[in-house]
Amino acid sequence: MKSRLAILVKGELSRLNKYNVFSISILVALIWGIILFFLNEDALGSILPFVLVLDATMMSVMYIGSVMYFEKSESTISTMLVTPTTNKELVMSKVIANTIHNAFSASLIIIVFIIFKDVDVKIFLVFLGIISTTTFFTIAGLCLSYFQKDFTGMLVNIMILMFGFGIPMALYQFGVLKADFWEYLLLINPMQAGAEVITAAFVGYEFTYKYYFSLAYMIIGAAIFYYGVAIPKFQKYAVKQSGV
Amino acid sequence: MFKVEDLKYRYPKGEHDVINGISFDISEGEIFGFLGPSGAGKSTTQKILIKILGDYRGTISYSGKDITEFKDDFYEDIGVSFEMPIHFSKMTAMENIDFFLKLYKNNADVEELMKRVGLWEDRDMMVGEFSKGMKIRLNIVRAMLNNPKMLFMDEPTNGLDPMNAMILKDMIREFRADGGTVFITSHIMSDIDQLCDRVAFIVEGKIIEMDSPRNLKIKYGKRSMTLEYKENDHTEIVEFPLDGIGKNKEFLNLLQTKEVETLHSGETTLEDIFIQVTGVKLKNEE
Ligand SMILES: Nc1ncnc2c1ncn2[C@@H]1O[C@H](COP(=O)(O)OP(=O)(O)OP(=O)(O)O)[C@@H](O)[C@H]1O
Ligand SMILES: [Mg+2]
C-alpha cells in the first residue's frame with residue numbers, strides 16, 4: 001500500500017486542478033509577469049520581491065480559503081471522516097498540497113524573470129523564503145477558514161487582515177516608515193516577516209538578526225498554528241461543516 | 001457485535017437531549033433496523049455509532065471493546081452511507097471511487113459493484129452531472145468498497161426508484177448472507193419489514209419497542225377476516241377475528257344469506273403496529 005499521506009496529497013493536487021485553482025494561479029502569475037515585464041530594471045528590483053511576498057502571503061490565504069470553501073460546499077469531509085485516514089494526515093495533506101501549489105506559482109514568476117530580464121536572485125534563499133512563508137500563511141488561512149461562515153465572510157476577513165498587516169509592511173518596504181521604532185514593531189507583523197525572508201534572496205539585502213528572527217517566526221509560528229489550532233480544532237470543524 | 005447501553009446525547013448547542021437513554025445490541029450477521037419518524041434521532045444514533053459524534057453518555061462497544069479505544073483503523077471494518085450522497089462533483093464517478101479505494105487496505109471488486117448498481121457504463125461521467133438516484137447508487141458503492149464487516153446505512157432507499165431500491169435490498173441481503181452485519185435506518189415501513197431481522201421503534205430519542213417484525217406482528221397484530229356484502233342498495237363491511245372463524249355464527253350466517261362482494265383475510269402491517277405502539281405516525285409530511 002502506498003503511503004496514505006502521498007495519496008491524499010495527490011488527491012488534493014488533482015482537485016486544485018479540477019476545481020480550476022491551478023489555472024487561476026497560473027493566470028495571476030502571468031498577469032504579474034506582464035506587469036513586471038514592462039517595468040524598468042530599477043523598479044523591478046523592489047517590485048519583484050514585493051509581488052512574491054504578496055503571492056506567498058495573501059494569495060496563500062486566499063487559495064486555502066477557497067479550497068476549504070469548495071470542500072465545505074460538497075460536504076466531502078464527512079466521507080473522509082469515515083475512512084481510516086487520520087485527522088493529522090488530512091490536515092497535513094492540505095498544507096503540503098497548497099504549499100506545493102503556491103511554490104509552483106511563485107516559481108513561474110521567478111522563471112519568467114530569470115529568462116527574460118536576467119534578474120539576480122539566490123535560488124536557494126528565495127525558495128526557503130517562499131516555502132516557509134507559504135507554509136505559515138497556508139496554515140494560518142486553514143485555521144481562519146475553520147471560523148468562517150461563508151465565502152464572502154472569508155474574503156472580507158482576509159481583506160481586513162491583509163490591509164492591517166500589509167499596508168504597514170508595504171510602507172516599510174518602500175521606505176516610507178523609517179523610524180527605528182517601526183523596525184522593531186513590525187517584526188511582529190507576519191507579513192513583514194515573510195517580506196524579510198523573501199527579499200533576502202535579492203541583491204543588496206543586508207543580513208542582520210532580523211532575517212533569522214523572521215525565518216524562525218515563520219517556522220515556529222507555523223508549528224504553533226498547526227499543533228495549537230489546525231489539528232485540535234479539525235474534528236469539530238469537520239463534524240460541524242458536514243451538516244451534523 | 002455492537003452493544004449500546006443507556007446512550008444519551010445532546011448536541012453542543014442543543015437545549016435538551018435528543019437521545020434519551022437507549023440500549024440495544026446488534027448481533028453478528030444480523031440486519032438491525034431503526035424505524036422512526038423524522039427527528040426521532042436515527043441519524044444522530046448512526047453518527048454516534050460510527051464515531052463521528054463524541055461526547056455522548058453511556059457505553060458503546062464493538063467486538064467487546066469500547067469504541068473509544070479504537071483508532072482510525074475502526075474504519076477499515078465498516079462501511080457508511082450518509083443521508084445525503086457525498087462526492088466530489090467535478091470528478092468522474094470512477095475518479096471518486098479510485099480515490100477513496102486507495103485509502104483502504106481491503107479493496108472490493110469495484111467493477112462488479114458498479115455493474116451491480118448499473119453505473120459501470122456511466123463511470124466516466126462527472127458526478128455533478130449525475131441524477132439524484134445515480135448519486136445514491138454511487139454512494140452505496142462507496143460504502144462497500146472496502147469489503148466492510150459491518151454496514152451503516154442512513155435511509156438508503158430514500159430517493160431510489162422501486163427497481164433500484166429492490167437491487168439495493170438484494171445487495172444488503174447478500175451482504176448478510178456472506179456474514180456481514182447491517183445497521184439500517186428508515187422511515188419507510190416496507191424496507192424494514194422486508195429486510196430486518198430485528199427492528200427498534202424509535203420516537204423522540206427513546207426506543208419504544210424492539211423485536212423481529214414477525215414477533216411484533218404476532219404480539220400486536222390482529223388477524224382478521226373482512227367481509228363486504230350487499231345490503232339493499234349499499235355495501236356493508238364487517239370484520240371478524242380469524243381465530244375460530246369456522247364456528248362464528250354471525251359470519252357463517254352472513255355467508256349463507258347475503259350476496260358476498262369481497263372476502264379477504266388481513267394481517268396488521270408493521271406501520272399499523274408502529275402507530276398503535278408509539279401513538280405517532282411515521283410520515284408526517286409525505
Ligand atoms: N446539529 C444539530 N444541532 C442541534 N440539534 C440537532 C442537530 N442535528 C439534529 N438535531 C436534532 O436532533 C434530533 C434528531 O435528529 P436526527 O437527524 O437524528 O433525526 P432523524 O431520526 O434522522 O430524522 P430524519 O428522518 O428526518 O432524518 C432532531 O430534533 C433535530 O432537530
Ligand atoms: Mg436522519
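All figures in this text were calculated on a predicted structure; none of them were measured in a lab. (Residues numbered from 1 in each chain as written. Chains lettered and ligands numbered in written order. Predicted model: local features only at pLDDT ≥ 70, side-chain atom pairs only at ≥ 80, totals over all residues. Heavy atoms only, no water.)

1. What about the domain arrangement of chain B?
Each domain of chain B was delimited in the assignment, giving domain 1 (2-212) and domain 2 (222-266). Here the C-alpha centre of domain 2 of chain B lies 45 Å away from the C-alpha centre of domain 1 of chain B. (Domains from an automatic or database assignment.)

2. A few points about empty space enclosed by the protein
Evaluation of the coordinates by the stated rule reveals five cavities of 30 Å³ or more. As a volume, the largest cavity reaches approximately 130 Å³. If you go around the largest cavity, the residues you meet are Glu 12, Arg 15, Leu 16, Tyr 19, Val 21, Val 67, Phe 70, Glu 71, Glu 74, Thr 76 and Lys 94 of chain A together with Phe 88 of chain B. The element that contributes the greatest number of residues to the lining of the largest cavity is helix α3 (residues 41-74) of chain A, accounting for four residues. By residue class, the composition of the lining of the largest cavity is six nonpolar, one polar and five charged. (1 Å grid on protein atoms, 1.4 Å probe; cavity = no way out; pocket = protein on both sides within 12 Å on 5 of 7 lines; lining within 4 Å. Points joined across faces, edges and corners; volume = space filled by probe spheres on them. Helix = DSSP H or I, 4+ residues; strand = E, 2+ residues; numbered from the N terminus. Nonpolar A, V, L, I, M, F, W, Y, C, P; charged D, E, K, R; others polar.)

3. Considerations on the pairing of strand β3 (residues 31-35) of chain B
Residues and elements named next belong to chain B. With five of its five residues buried, β3 lies for the most part within the structure. Taking every second residue as pointing to the same face, both faces of β3 are buried, with Ile 31, Gly 33 and Leu 35 on one and Phe 32 and Phe 34 on the other. Here β3 pairs with strand β8 (residues 181-186) via five bridges, running parallel. Bridging from a neighbouring strand, Phe 32 pairs with Phe 183 of β8. By the bridge criterion, four bridges tie β3 to strand β9 (residues 198-203) in an arrangement that is parallel. Each bridged residue has a counterpart across the sheet, and for Leu 35 the counterpart in β9 is Phe 201. (Buried < 20%, exposed > 50% of the residue type's maximum accessible area, 1.4 Å probe, protein only. Pairing = 2+ DSSP bridges.)

4. A word on the coordination of the magnesium ion (ligand 2)
Taken together, Ser 43 of chain B (OG) and Glu 83 of chain B (OE) make up the protein donors of the magnesium ion (ligand 2), found 1.9 to 2.3 Å from the metal. Within this pair, whereas Ser 43 of chain B is found in helix α1 (residues 42-49), its partner Glu 83 of chain B is found in the loop between β6 (78-81) and α3 (93-101), the two being separated by 40 residues in sequence. (Donors = N, O, S within 2.8 Å, 3.2 Å for Na, K, Ca; no water.)

5. Quick notes on the environment of Arg 123 of chain B
All names here are of chain B. Note on placement: Arg 123 falls in the loop between α4 (110-116) and α5 (132-144). Using a relative accessible area of 25% as the deciding quantity, one classes Arg 123 as partly exposed. Along the sequence, Arg 123 and Leu 138 sit 15 residues apart, while their C-alpha atoms lie 9.6 Å from each other. Those residues in contact with Arg 123 that sit more than four places away from it in its chain are Thr 92, Ala 93, Met 94 and Met 114. A polar contact of 2.8 Å, which involves the side chain of Arg 123, links it to the backbone oxygen of Trp 120. (Contact = heavy atoms within 4.5 Å. Polar contact = N/O pair within 3.5 Å; in protein donor to acceptor, adjacent residues only side chain to side chain.)

6. Observations concerning the confidence of the model for chain A
Summing up the model confidence of chain A, the mean pLDDT is 86 and the portion of residues at 70 or higher is 97%. Within chain A, helix α8 (residues 180-185) of chain A has the poorest average pLDDT of any element, 71, and helix α10 (residues 209-230) of chain A the best, 95. (pLDDT = per-residue confidence, 0-100.)

7. Section: the interface of chain B and chain A
Listed by partner, the interface residues are 25 residues for chain B and 25 residues for chain A. Here chain B meets chain A over a buried area of about 2,400 Å², counting both sides, of which 68% is carbon and sulfur. The interface formed by chain B and chain A contains one salt bridge. Notably, a salt bridge pairs Glu 95 of chain B with Lys 18 of chain A, separated by 3.1 Å at the nearest N-O pair. In this assembly, chain B and chain A are joined by five residue pairs in polar contact (both at pLDDT 80 or more). Of all the elements, α3 of chain B adds the most residues to the side of chain B that touches chain A, at three residues. Among the residues making up the side of chain B that touches chain A, the classes are represented as 14 nonpolar, two polar and nine charged. (Buried area = accessible area lost by both parts, 1.4 Å probe. Salt bridge = Lys/Arg side-chain N within 4 Å of Asp/Glu carboxyl O.)

8. Some points on a negative patch on the surface
All names here are of chain A. A surface patch of negative charge is lined by Glu 41, Asp 42, Asp 118 and Asp 120. Mapped onto the secondary structure, Asp 120 falls in the loop between α5 (87-116) and α6 (123-146). Exposure remark for Asp 120: the relative accessible area of 51% places this residue in the exposed category. (Patch = residues over 30% accessible without salt bridge, like charges linked within 9 Å, V, L, I, M, F, W, Y side chains within 5 Å. Areas by Shrake-Rupley, 256 points an atom, 1.4 Å probe, with all protein chains shown as cover. Lys, Arg positive; Asp, Glu negative; His and termini not counted. Charge placed at Lys NZ, Arg CZ, Asp CG, Glu CD.)

9. What to know about helix α1 (residues 4-18) of chain A
Between its first and last C-alpha atoms α1 of chain A spans 21 Å; for 15 residues at 1.5 Å apiece the expected length is 21 Å, and the two agree. Of the positions making up α1 of chain A, those classed as buried are Arg 4, Ile 7, Leu 8, Val 9, Gly 11, Glu 12, Arg 15 and Leu 16 of chain A. Elements in contact with the buried residues of α1 of chain A: α2 (21-37), α3, α4 (76-81) and α5 of chain A together with α2 (74-77) and α3 of chain B. For α1 of chain A, the N-terminal capping position is held by Ser 3 of chain A, with its side-chain oxygen 3.2 Å away from the main-chain nitrogen of Leu 5 of chain A. (Expected span 1.5 Å × (residues − 1).)

10. What to know about the sheet that holds β8 of chain B
The strands that make up a sheet pair up through hydrogen bonds in the backbone, lying either parallel or antiparallel. All names here are of chain B. In spatial order, the strands read β6-β7-β8-β3-β9-β10; together these six strands make up an open sheet with mixed pairing. Here the strands that pair on one side only, and so sit at the sheet edges, are β6 and β10 (206-211). The mean angle between the axes of side-by-side strands here comes to 15 degrees, regardless of whether they run parallel or antiparallel. Here β9 pairs with β10 via five bridges, running antiparallel. Its bridge partner being in β10, Val 203 is matched across the sheet by Lys 206. (Axes fitted to C-alpha atoms, helices over the stretch in contact; angles between N-to-C directions.)

11. Section: the packing of aromatic side chains
For the structure on display, the rule yields 35 aromatic pairs over all chains. Taking 4.6 Å as the distance between ring centres and 40 degrees as the angle between the ring planes, the aromatic pair formed by Tyr 69 of chain A and Phe 151 of chain A counts as tilted. Taken as a pair, Tyr 69 of chain A in helix α3 and Phe 151 of chain A in helix α7 (residues 151-173) lie far apart in primary sequence, 82 residues in all. Looking at Phe 151 of chain A, the relative accessible area reads 29%, which means it is partly exposed. Between Phe 24 of chain B and Phe 34 of chain B the ring centres are 5.2 Å apart and the planes differ by 55 degrees, which places this aromatic pair in the tilted class. Of the two residues, Phe 24 of chain B sits in strand β2 (residues 19-26) while Phe 34 of chain B sits in strand β3, which places them ten residues apart along the sequence. The pair formed by Phe 24 of chain B and Phe 34 of chain B is uniform in burial state, with each residue classed as buried. Cluster of aromatic residues (ring-pair linked, three or more members): Phe 2, Phe 24, Phe 32, Phe 34, Tyr 62, Phe 70, Phe 74, Tyr 75, Phe 152 and Phe 183 of chain B. Here the basic side chain of Arg 15 of chain A rests over the ring of Phe 88 of chain B, its NZ or CZ set 4.1 Å away from the ring centre. Positioned above the aromatic ring of Phe 100 of chain B, the side-chain terminus of Arg 142 of chain B is 6.0 Å from the ring centre. (Phe/Tyr/Trp six-rings, centres within 6.5 Å; stacked < 30°, edge-to-face > 60°. Lys NZ or Arg CZ within 6 Å of the ring centre and 35° of its normal.)

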